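Results of the structural survey
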Amino acid sequence: MAHSIFISSLLVWGVAAADLTFTVPSSPPSNSSGQLSAAPVGVSLEFFTFPAYMNNVAATTTCLQNLKDLTGTWPPLRIGGTTQDRATYDPSLTLAVNYTVASSADAPTTLTYGPSFISLAASYGGEIILGLNRRLNNIVNSISAAKLAQSEASNLYAMELGNEPNFYSSSDPIAGGASWTAAADYASQVTWQDEVCGNLSATDLISAGVYFGTSPMSISGLTAVEGTANNYVKTYCSHNYPQSASTANLATLMGHSSIASQISGYSSEITAAANEGKPHIFGETNSATQGGGGISPTFGAALWILDYVMQTILMGTKALYFHQGTIGNCQYCWWGRYDMGAPYYGAYFATMALANADQIAPLDSQTTAYAAYAIYKSGAPVRVLLYNSDYYTSGTRSSQTFVLSGLSASSVTAKRLTAPYATSRVDQGGNPTVAGQTFVNGTCAIQGTQSVETATVSSGKATFTVAASEALLVYL
Ligand SMILES: *[C@@H]1O[C@H](CO)[C@@H](O)[C@H](O)[C@H]1NC(C)=O
Ligand SMILES: *[C@@H]1O[C@H](CO)[C@@H](O)[C@H](O)[C@H]1NC(C)=O
Ligand SMILES: *[C@@H]1O[C@H](CO)[C@@H](O)[C@H](O)[C@H]1NC(C)=O
Ligand SMILES: *[C@@H]1O[C@H](CO)[C@@H](O)[C@H](O)[C@H]1NC(C)=O
């Protein structure tokens, strides 16, 4: 009796955990994204350490080049962060940047940068966003740097006028001794846009907003007072960090439906930008602030990047710039001088999924742990991305079976993104693999033999198994 109950409950469970079946629409469905940009996955380099990343960290160029090799376009680069609002341009400085810190793990509280900083930015093969200082209220200084960037950097996409002004206070020079409110920031942004772009005789130049989160200052609020200054705006920009050291929860970070909840507040920001005829970007983003709480260097954070990119692009953002901070003191960084970071694998896989595509569509409702996205080029499906966001850290690894129907080929291939656990870290020997390959510590060169899986299509259907904390990219 007990034996047969066991068997029947197993069968019931087997039915309940049934295969997930998705029909791949033969043309983009109504909830598809708009036109994808050529390189939606970008990088943000903290202002003071940008020259060191380019000149002293061997992996930087190859890590960026690996992404360029997938899409044909260098990933867009933003140079900015907290230290852009501590920086003063010095036209006579021969160094790219000059500062003193007590420890190499610290960011400087004040710094200067010279013309060679701008030349270095101008030499990058992709588009750049340059962060200028507004906090110190030295507009003449910021305009002199802006003029040089305008004349020298043919790759200049936009400039920021201040970083995360929602964190400015009455003691910052820009506040002029008054309390720093949303209204004060909006008025200041518009004045600076007028004067900087007036001096440069430029329009469509400013990455505006640059707010951390959506409150108390928001793109919705800023666009309401932009008026004709909107002509000076190139893009409206949000910063997003889902977690902090005190909230760190990796299962929540990487969970498919929890990502949908976490980003939902940005929907109205993207709409506000679109209503002004401008794209929205996440100009600075990463997994967790305040050192990352131990979750940032993990494979789960790579899976977060993968699904977060897909979901934010579906919401209508144009590009995401994942922040890389102080070299040697950066939990969420994709690479360093010595080791790779597991999150880079998620960025690489997301770039593979979107490379040279036009649109992406969600096949699932974003309310479970299992995601499926159809990816379109010239109106036809070319790839399907499958993601099992069940959190796997030990014991028996569960898996989810996905059945794709509506396929026209007789067989399809697939590349897998996996690692021993969601908690795996490269520096602890838990190397992720992308189609069986890894990136070399210290150089970012891809290594190993690529392993491509094949699935037979029968009556237009093929079956795929994706383990907990894994993703699979199917090539149709
Ligand atoms: C660099 O900054 C330090 C102060 O941090 C200053 O003493 C030094 O003169 C500066 N160097 C140059 C070349 O400007
Ligand atoms: C140039 O910038 C200055 C502030 O430094 C401002 O007073 C002036 O109005 C600006 N010129 C134009 C044409 O916008
Ligand atoms: C998108 O539309 C499909 C039907 O084409 C639906 O099954 C799916 O749940 C939708 N997903 C979202 C997130 O809107
Ligand atoms: C990178 O170095 C770490 C040690 O810091 C090691 O555990 C890991 O296996 C290395 N990864 C690769 C791909 O060689």
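Use the structure listed above.
Now for a description of the structure that goes with this document. A quick note: this is a predicted structure, and the numbers were derived from the prediction, not measured.

**So, the site of ligand 4**
Surveying the vicinity of ligand 4 reveals the residues Asp339, Val426, Asp427, Gly429, Asn431, Thr438, Phe439, Asn441 and Gln447. Within the backbone of Val426, an N or O atom sits 3.5 Å from an oxygen atom of ligand 4. One of the side-chain nitrogen or oxygen atoms of Asn441 is found 2.3 Å away from an oxygen atom of ligand 4. Here ligand 4 has 370 Å² of accessible area as a free molecule, and 64% of this is covered by the chains.

**Some remarks on helix α5 (residues 139-152)**
The end-to-end C-alpha distance of α5, which contains 14 residues, comes to 20 Å, matching closely the 20 Å that a straight helix rising 1.5 Å per residue would cover. Within the sequence span of α5, burial applies to Ile139, Asn141, Ser142, Ile143, Ala145, Ala146 and Ala149. Buried residues along α5 sit in contact with β4 (87-89), β6 (111-113), α4 (115-122), β7 (128-132), β8 (156-161) and α6 (182-200).

**Overview of the state of the cysteines**
If you walk through the whole model with that rule in mind, you get two disulfides. Between the sulfur of Cys330 and that of Cys333 lies a disulfide, 2.1 Å long from S to S. Looking along the S-S bond of the Cys330-Cys333 disulfide, the torsion reads about 85 degrees, which is the right-handed sense. Exposure class is identical for Cys330 and Cys333. Each is buried. Should the bonded cysteines of the protein be numbered as they appear in the sequence, the pairing reads 1-4, 2-3. There is no disulfide at Cys197, and the cysteine sulfur nearest it, in Cys237, is 16 Å away. Of the residues examined, Cys197 reaches a relative accessible area of 1% and is grouped as buried.

**Things to note about the site of ligand 2**
Close to ligand 2 lie Ile139, Val140, Ile143, Asp194, Glu195, Gly198 and Asn199. Burial of ligand 2 by the surrounding chains reaches 51%, relative to a free accessible area of 360 Å². Elements supplying a minimum of two residues to the shell around ligand 2: α5 and α6.

**Quick notes on the packing of aromatic side chains**
Counted by the stated rule, this structure contains 26 aromatic pairs. Considering the side-chain rings of Trp304 and Phe322, the 6.0 Å spacing of their centres and the 85 degrees angle between planes classify their relative orientation as edge-to-face. Taken together, the positions of Trp304 in helix α11 (residues 299-315) and Phe322 in strand β14 (residues 319-324) put the pair 18 residues apart, joining distant regions of the chain. For Trp304, a relative accessible area of 1% gives the class buried. Plain terms: the ring middles of Tyr348 and Phe439 are 5.0 Å apart, the flat faces sit at 70 degrees to each other, and that makes the pair edge-to-face.

**With respect to the layout of surface pockets**
Estimated volume of the largest pocket: approximately 570 Å³. Lining the largest pocket are 26 residues, with Glu46, Thr82, His323, Gly325 and Tyr332 positioned closest to its centre. Of the residues belonging to the lining of the largest pocket, the class tally is nine nonpolar, 13 polar and four charged. One number sums up the size of the second largest pocket: a volume of about 420 Å³. Taken together, 19 residues line the second largest pocket, and the ones lying closest to its centre are Gly328, Cys330, Cys333, Gly336 and Asp339. The residue makeup of the lining of the second largest pocket, split by class, is 10 nonpolar, five polar and four charged.

Thresholds applied
- Residues numbered from 1 in each chain as written.
- Chains lettered and ligands numbered in written order.
- Predicted model: local features only at pLDDT ≥ 70, side-chain atom pairs only at ≥ 80, totals over all residues.
- Heavy atoms only, no water.
- Near = heavy atom within 4 Å.
- Polar contact = N/O pair within 3.5 Å; in protein donor to acceptor, adjacent residues only side chain to side chain.
- Areas by Shrake-Rupley, 256 points an atom, 1.4 Å probe, with all protein chains shown as cover.
- Helix = DSSP H or I, 4+ residues; strand = E, 2+ residues; numbered from the N terminus.
- Expected span 1.5 Å × (residues − 1).
- Buried < 20%, exposed > 50% of the residue type's maximum accessible area, 1.4 Å probe, protein only.
- Contact = heavy atoms within 4.5 Å.
- Disulfide = S-S within 2.5 Å.
- Phe/Tyr/Trp six-rings, centres within 6.5 Å; stacked < 30°, edge-to-face > 60°.
- 1 Å grid on protein atoms, 1.4 Å probe; cavity = no way out; pocket = protein on both sides within 12 Å on 5 of 7 lines; lining within 4 Å.
- Points joined across faces, edges and corners; volume = space filled by probe spheres on them.
- Nonpolar A, V, L, I, M, F, W, Y, C, P; charged D, E, K, R; others polar.

Read these as layout, nothing more, since geometry by itself doesn't imply function.
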